[in-house]
Amino acid sequence: MSFKRLISTAAITSSFCFATTHAAEVVFYITEDGNAADAVSVSVNGQRQIVNPQGFVTFELPADSYTAELSQYGAWIGEAEFTLENADSSEDVFVEVLGGEAIAETSSSDDAGGVIKGQLISTETGGPVSGARVSAAGTDLGVITNDDGSFSLELPRGNYTLTVAHPSYQRTELSVNSMPGVPVELDVEVGMSGNGVIEEVVAVGTYVADSATSQERDASAVLDSIGAEQMSQFGDSSAASALKRVAGVAVVGGQFAVVRGLQGRYISSTLNGGLMPSTDPLRRDVPLDLFPANVLGGINIQKSYTPELPGDTTGGIIMMTTKNLPDGPVNKIKGSLGINMRTTFSDVAYYDGSETDWMGTDDGTRDLPAAYAAISNNGENAIEVCTFDPEICTSPEDATTAFNSFDHNFAVKNVQAKPEKSIAYQIGTLRDIGPGDLGYYAALQYKDKWTARHDAEVDDLGVVGTYERTKRNIDATGYFVVGYEDENMVLNSKTTLLRNTENTIKVAQLVDVDEEQPQDEVILQWVERQFLAQHFLGEYYFDQKNSLDWRLNLGQTKRNEPDRRTYQYLAGNLSNSTVERRFSELVEDSLDIGFDYKYETNLSAETLLKLKIGAMASEKDRDVTLVRVGMDANPASGIDFSSGIEEIINVENVDDGFVRYQSRTAGTDSYTATDTVTAYYGSFGLDFYSLQLLAGARSETSEQTLTYPNSASDESSLSSTNLLPMFSLNYQAMEDLQFRFAASQTISRPGLTERSLSVQFDPDTDEAIIGNPDLVISEITNIDVRSEYYFSESESMSLAYFIKDITAPIERTIPDGSGSAAKGVTFRNEDSAAVSGVEFDIRKNFIETIYGSAFVAGNLALIDAEVTLSEESARFEGRDTRRLQGQSETLANVQLGFDGEEYGHSFTLLVNYAGDRIYKSARSIEPEFEEARTVVDLVYKWEPSERLELSAKAGNITDSPVKFSRNDEITEQYYEGTTASLSFSYSFE
């Protein structure tokens, strides 16, 4: 619910509390020119308080006579005398500031109270909101708003928490102080849906609070929310860093979410309500590090299924929304500078790239050379060199020209890693144009960050050694929203451009223990990822009962990996077969359209009927091209293969015919794919007294089609139509206590890469990833139970239990074959899987003073997930059951913080723990595990003025190593380093 602009002459406090008359209490109400006085401080008995924005100050004192001194802007303006007769007495002191002098009048409090009057008006329709209950918590006093939305409530003197509740609107709480002779007049606008904040206006003034807890409380499903304010407070740089604090959620590789023990294929992700194309050809889920916090308005993680969600919402759905229109003028610049204690200013591995690498864009240096593309059919055909027939082969001259058109740059050198730096700018406004408001918001950001793995060691399956990996990430963001809103509609156009570039250099010095042979490996990888989206969104409110939401989302993702270079030295000599230059590009275009129509009506004062119908259609068209180029060397050339690679592959040896490039592209390396989903759904909801029932179903039809333009391989397709029902029941046992139950059926489709005959390669290990076109769709039954208790609008505690039974789960496993064919990974439908777990979540304020408040928040998830392997997988792995891959049995988060509102200081300590999880299965031996790890961060913020904000963050403070193990023996480990950053934000408006 959104509360706006209440004008009143009444007393209010900004803290939530139950109605009570405090022992020996004095309340000051200070006004100037008929409004709440500004910057007035009151000193009594050694205590000093500053008047709140509503003009009130309250003291609890022993029985005695007192003289209060008042000052404004640091200058003394007067005093007020009062007497508290006994421990149960109360005094009201009314102060009017006239011409810089405080005129005080004291009156003894009695049992007389005040009258709180007001009217509820719908933000969307402009009409009155009738049938809402306005009640004082802790009492039996309450009223129902009339047909015109008005109400009048008599309350004895004291502080009260007023609750405004209506089935169609978000529930909220507001604090008021009822005093004799001080009327309370409320003129309240209430909205059917939140917009990221609760603008809570009570009596005289406005109080703005984060709405994440309210969204969780009012949702009809199991929901966790992260608001933009939380992301700022905790120093989150992207959606990925924010999600790891949610109960039951882990983030793997800093990019991909695991929700309730289930990886990407069981998780849906939406942006502004629409499905998104993926920028990673190896996965069906979206890399969340691509979405920076400065464009996100909030993230909701819904863990139980409802009919309007995609059918593969099993573990949960990650619903991201970009920022909406601002409330007023925005003109802000942000900047940051950071270091890594291990990486920054140290020597790290690097290589010469293009002149525009600093922009995150290759200038064409890494492109497949045009001369080579011309003689090899764009890298698809092997090159035959001859002198007798140019029609059927390539002349030596043309071949030499083509081979030398490559940049023969393979050597790795040491450079000094630079500090992390970023700069961002935001501008926007909202203007009243008569019938409604018109506004815009724009944001730009550039970020350059160096990371490295330090003291990295490997000891697994007979291979031991060390390696160094350097990564330079360059991010560029552009975002623009323009929109119009009035009483009946909201229209927005949102344009998003996100770019992330990774320049990775890995150098390994390994030894094959069995062969007693050194293996030196080098990988040079440049990857550009781009997400471009145009979203058109609309909300229409025909009246208080009927509303329509619609969306039209266009998107395109690109992943360009030009000239990925790999090579190995075996026993000190360059191995010709390991030299490869790989050129790949993924382009995926998406179209997502949908609408939701809602009808809500009160069948009686206690019963609300809610109906929803909707439809959606999504189409993704993917085009993947992959060209592989190897090296052939003449063994009779006399080349010293123990020398440096640039002394072997160079212009002279190419001219002499000693070294040649050769296409090694397979016919199925490139493919095109189409993935379509259409759905129709409906739900029926009934709110009856303390019960909230929701039932519905979704009919979803999908089809995946893959074709291979350079191969005679048959087209591969997978289609299905599924009816997915759900049922949920919420019971509000008390005003602040509710219980939830939900049951549903969902599915899990294989990703396009998982079904593709195209062999892809793991970017970290360079292992072959072999698709399986025979994969089928998994079916899942879900049960969720959750209890929630709310201490206040910002404090809550919840306990949840869930069960998921999966038929034919898809797991990453071992391919069928021997020798080189047995290397790499593939995908297979296993027999079944069972997932169950418990989640506990709490946030509580435990210290509240005039200087600020402290809070503790945390969550704990205990998850058990076991997969029963198929006969084929059991034969390869040597076991019948094991844990699901990527699932940690224990996940925990703790946040300790202090918000100093008076002086603008805040501190937050964040601790994240993820238990061990299976990293990779192995043939006839134990799987390889990523070991448990704890990460500790500390964030400090200071707002010295309304325009300036300064912050500092220390990340990965303990710098615990990242470890992988098998049979409790370390197979790999490395250190990432402790980070420290300083940032500022300055508003020109």
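Residues numbered from 1 in each chain as written. Predicted model: local features only at pLDDT ≥ 70, side-chain atom pairs only at ≥ 80, totals over all residues. Heavy atoms only, no water.

## Focus on the overall build of the protein chain
And step 1. When its secondary structure is counted, the protein chain shows 9 helices and 60 strands.
And step 2. With 989 residues in all, the protein chain has 55% of them scored as buried.
And step 3. Here the protein chain displays about 40200 Å² of accessible surface, and carbon together with sulfur accounts for 52% of that area. (Helix = DSSP H or I, 4+ residues; strand = E, 2+ residues; numbered from the N terminus. Buried < 20%, exposed > 50% of the residue type's maximum accessible area, 1.4 Å probe, protein only. Areas by Shrake-Rupley, 256 points an atom, 1.4 Å probe, with all protein chains shown as cover.)

## Description of the sheet that holds strand S4 (residues 47-50)
And step 1. One open sheet accounts for 4 strands, arranged S4-S3-S6-S7; its pairing is antiparallel. Either end of the sheet is taken by a strand with one partner, and the two such strands are S4 and strand S7 (75-84). Pairs of neighbouring strands in the sheet enclose a mean axial angle of 20 degrees, with direction left out of account.
And step 2. As judged from the 4 bridges shared by strand S3 (residues 40-44) and strand S6 (residues 64-72), these two strands associate in the antiparallel manner. Among the inter-strand pairings, valine 42 is bridged to a residue of S6, identified as leucine 70. (Pairing = 2+ DSSP bridges. Axes fitted to C-alpha atoms, helices over the stretch in contact; angles between N-to-C directions.)

## Here we look at unusual backbone geometry
And step 1. If you check the backbone angles, tyrosine 689 has positive phi at about 50 degrees while not being a glycine.
And step 2. Structurally, tyrosine 689 is set in the loop between strand S39 (671-688) and strand S40 (691-707).
And step 3. One non-glycine residue, aspartate 968, adopts positive backbone phi at about 65 degrees.
And step 4. The topology assignment puts aspartate 968 in the loop between strand S58 (962-966) and strand S59 (969-975).

## Considering the packing of aromatic side chains
And step 1. This model, assessed by the stated rule, comprises 21 aromatic pairs.
And step 2. Ring centres of phenylalanine 406 and tyrosine 661 lie 4.5 Å apart, and the angle between their planes is 40 degrees; this geometry places the pair in the tilted category. You can see phenylalanine 406 sitting in the loop between helix H5 (396-404) and strand S28 (413-416) and its partner tyrosine 661 sitting in strand S38 (residues 659-663), a full 255 residues away along the chain.
And step 3. A residue is classified by how much of its surface remains accessible, and tyrosine 661, at 1% relative accessible area, is buried.
And step 4. Three or more aromatic residues joined by ring pairs form one cluster here, namely Tyr372, Phe403, Phe406, Phe583 and Tyr661. (Phe/Tyr/Trp six-rings, centres within 6.5 Å; stacked < 30°, edge-to-face > 60°.)

## Overview of the side chain of glutamate 795
And step 1. Assignment of secondary structure puts glutamate 795 in strand S46 (residues 795-807).
And step 2. Side-chain polar atoms of glutamate 795 contact the side chain of lysine 844, separated by 3.2 Å.
And step 3. With residues up to four places along the chain from it excluded, the contact list for glutamate 795 reads Tyr789, Tyr790, Arg843, Lys844 and Asn845. (Polar contact = N/O pair within 3.5 Å; in protein donor to acceptor, adjacent residues only side chain to side chain. Contact = heavy atoms within 4.5 Å.)

## Here's the deal with the nonpolar core
And step 1. With 37 residues, the main nonpolar core has Tyr372, Tyr567, Leu574, Ile649 and Tyr661 as its most contacted residues.
And step 2. Counting residues per element, this core draws most heavily on strand S37 (residues 607-633), which supplies 4 residues.
And step 3. Beyond its immediate sequence surroundings of up to four residues, isoleucine 649 is in contact with His408, Phe410, Val579, Met631, Val659 and Tyr661.
And step 4. Val259, Leu271, Leu290 and Leu296 belong to the second largest nonpolar core, which has 24 residues in total. (Core = buried A, V, L, I, M, F, W, Y, C linked by side-chain atoms within 4.5 Å.)

## Notes on a negative patch on the surface
And step 1. Taken together, the side chains of Asp407, Asp640, Glu646 and Glu647 make up a negatively charged region of the molecular surface.
And step 2. Mapped onto the secondary structure, glutamate 646 falls in helix H6 (residues 645-648).
And step 3. Judged by relative accessible area, glutamate 646 falls into the partly exposed class, the value being 32%. (Patch = residues over 30% accessible without salt bridge, like charges linked within 9 Å, V, L, I, M, F, W, Y side chains within 5 Å. Salt bridge = Lys/Arg side-chain N within 4 Å of Asp/Glu carboxyl O. Lys, Arg positive; Asp, Glu negative; His and termini not counted. Charge placed at Lys NZ, Arg CZ, Asp CG, Glu CD.)

## Details of the pattern of salt bridges
And step 1. For the structure shown, the criterion picks out 41 salt bridges.
And step 2. When the shortest N-O distance is used, the salt bridge between arginine 342 and aspartate 455 registers 3.4 Å. Remark: aspartate 455 occurs in strand S30 (residues 437-460) and arginine 342 occurs in the loop between strand S26 (330-340) and strand S27 (347-350); sequence separation between them is 113 residues.
And step 3. We classify arginine 342 as partly exposed; its relative accessible area is 29%.
And step 4. Among the salt bridges present, the one from arginine 551 reaches aspartate 592, with a minimum N-O distance of 2.7 Å. One end of the pair, arginine 551, is in strand S34 (residues 546-570); the other, aspartate 592, is in strand S36 (residues 580-602), and 41 residues separate them in sequence.
And step 5. Accessibility expressed as a relative area gives 2% for aspartate 592, which makes it buried.
And step 6. Because the salt bridges share partners, they merge into one network encompassing Asp312, Arg698, Glu700 and Arg749.

## Some details on the pairing of S3
And step 1. Within S3, 4 of the 5 residues are buried, which leaves the element mostly enclosed by the surrounding structure.
And step 2. Bridging between S3 and S4 involves 4 bridges; their strand directions are antiparallel. Bridge pairing links valine 42 to glutamine 49 in S4.
And step 3. Hairpin connection between S3 and S4: a loop of 2 residues separates the two successive antiparallel strands, and asparagine 45 in this loop has a positive phi of roughly 50 degrees.

## Structural notes on the pairing of strand S56 (residues 933-942)
And step 1. Note: strand S53 (residues 905-914) against S56, 10 bridges, orientation antiparallel. By the bridge assignment for S56, histidine 905 is matched with tryptophan 942.
And step 2. Relative to strand S57 (residues 948-955), S56 is paired through 5 bridges, and the arrangement is antiparallel. Considered in S57, the bridge of leucine 938 is made with alanine 954.
And step 3. Once S56 ends, the chain turns through 5 residues before running back antiparallel as S57.

Take it as geometry only, folks, not as evidence of what the structure does.
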